[in-house]
Structure formats: structure tokens, C-alpha cells
Amino acid sequence: LSTILDEVIKFDASKGGIFSVPVPKDEFPEYYEQIKTPMDYGTMKRKLENGEYRSAQSMQKDFVLVMSNCLQFNSPDSDIVQEARQQALKRPDILREAAMKHNLFLAEDGSVLEVTDDADGAAKKEGKSKEKRKRR
């Protein structure tokens, strides 16, 4: 998941990085009055590093939150909403490219599989299954 999020952050950085940092409270105090659950890619990175995401689906919920917060706070025809829409449309391509680049497979259940070329051709699951194996 880290690889995938890094690719999204890199793409956002190429567009100015506006979704990679929290909305500045000193510049937009009203944002925090309207938006009850702020989210940005940098916060998502910290959550990932702290082990708060158990699947790609849980991370996807925060991607949606970033965009829905943007749409809720900003005018529908604003530049930032247009950028949010473009990034939301581009994200599946970014995720697919990151997965292929790093030999990952995103399963429908939200788990991430690392595709390996070992003798038995097995795939190693990252996430919940990996934690279960560690406990055994």
C-alpha cells in the first residue's frame, strides 16, 4: 500500500501538491467548521506508517474522503475541484501502474498480493493475512 500511496503523492506533487498537506487552519479556519473529518495524502501516509490501514479498501475510503471534503468546501466550478476530479479519474491508472511496476496485484477484497516468481508460483499476501502468519 505504501508504494501505491507514494505514487499518488508523487502525481499530486507534480500538480502542486495541494492534496498532500492538511488545509492550513490559519488561512481557512472555516474549513474546519464545515469539514468534520479532514483528510489529505500526508495524513494518509502517517496512518499507513502507523498500521491503521488493513486493506486497500480502507485506504480507498480516505482517498474518497479527500475528494468529498474538497467538493463539499469549494465551489463546484473552482480550479481545486477541477483538479480533484482529474486526480480522482487518474487514480485508477496510477494504482494500476504502481501495482505493475512493483509486482503487486490488488484483489477485489482490498488485499494486496505481491506476485513472486518462486518455484511454486505462490503469491504472498500483505496485510491481514501477513499478520496472521506472523502470529502463528
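Predicted model, so just to flag it, every value in this text is computed and none were measured.

What to know about helix H5 (residues 79-101)
Step number 1: End to end, H5 covers 31 Å across 23 residues, agreeing with the expected 33 Å (1.5 Å per residue, within 8%).
Step number 2: The largest bend in H5 amounts to roughly 40° and is located at lysine 90, with the proline proline 92 lying one to four residues further along.
Step number 3: Along H5, the residues that are buried comprise Val81, Glu83, Ala84, Gln87, Arg91, Ile94, Leu95, Ala98 and Ala99.
Step number 4: Of the residues one or two after H5, asparagine 103 is the one with positive phi, at around 55°.

Digging into helix H1 (residues 2-14)
Along an α-helix, residues three or four apart share an orientation, since each turn contains 3.6 residues.
Step number 1: End to end, H1 covers 18 Å across 13 residues, agreeing with the expected 18 Å (1.5 Å per residue, within 8%).
Step number 2: Taken residue by residue, H1 has Ile4, Leu5, Glu7, Val8 and Asp12 as its buried positions. Projected down its long axis, H1 carries its buried residues within an arc of 155°, all on one side.
Step number 3: Trailing H1 by a residue or two, glycine 16 shows a phi angle of about 110°, which is positive.

Side note on the confidence of the model for the protein chain
Step number 1: On average, residues of the protein chain score 82 in pLDDT, and 76% of them reach the 70 mark or higher.
Step number 2: Mean pLDDT across the secondary structure elements of the protein chain bottoms out at helix H6 (residues 128-135), with 43, and peaks at helix H2 (residues 29-34), with 97.

So, the nonpolar core
Across soluble globular proteins, nonpolar side chains show a tendency to be buried alongside one another.
Step number 1: Ranked by internal contacts, the top residues of the largest apolar core, which has 22 residues, are Phe19, Tyr41, Met44, Met59, Phe63 and Val66.
Step number 2: For this core, the element with the most residues is helix H4 (residues 56-73), which contributes seven residues.
Step number 3: Residue contacts for methionine 59: discarding those within four places in its chain leaves Leu1, Ile4, Leu5, Met44 and Tyr53.

Definitions and limits used
- Residues numbered from 1 in each chain as written.
- Predicted model: local features only at pLDDT ≥ 70, side-chain atom pairs only at ≥ 80, totals over all residues.
- Heavy atoms only, no water.
- Helix = DSSP H or I, 4+ residues; strand = E, 2+ residues; numbered from the N terminus.
- Expected span 1.5 Å × (residues − 1).
- Bend = angle between axes of the 7 residues up to and from the residue.
- Buried < 20%, exposed > 50% of the residue type's maximum accessible area, 1.4 Å probe, protein only.
- Arc of directions from axis to C-beta.
- pLDDT = per-residue confidence, 0-100.
- Core = buried A, V, L, I, M, F, W, Y, C linked by side-chain atoms within 4.5 Å.
- Contact = heavy atoms within 4.5 Å.

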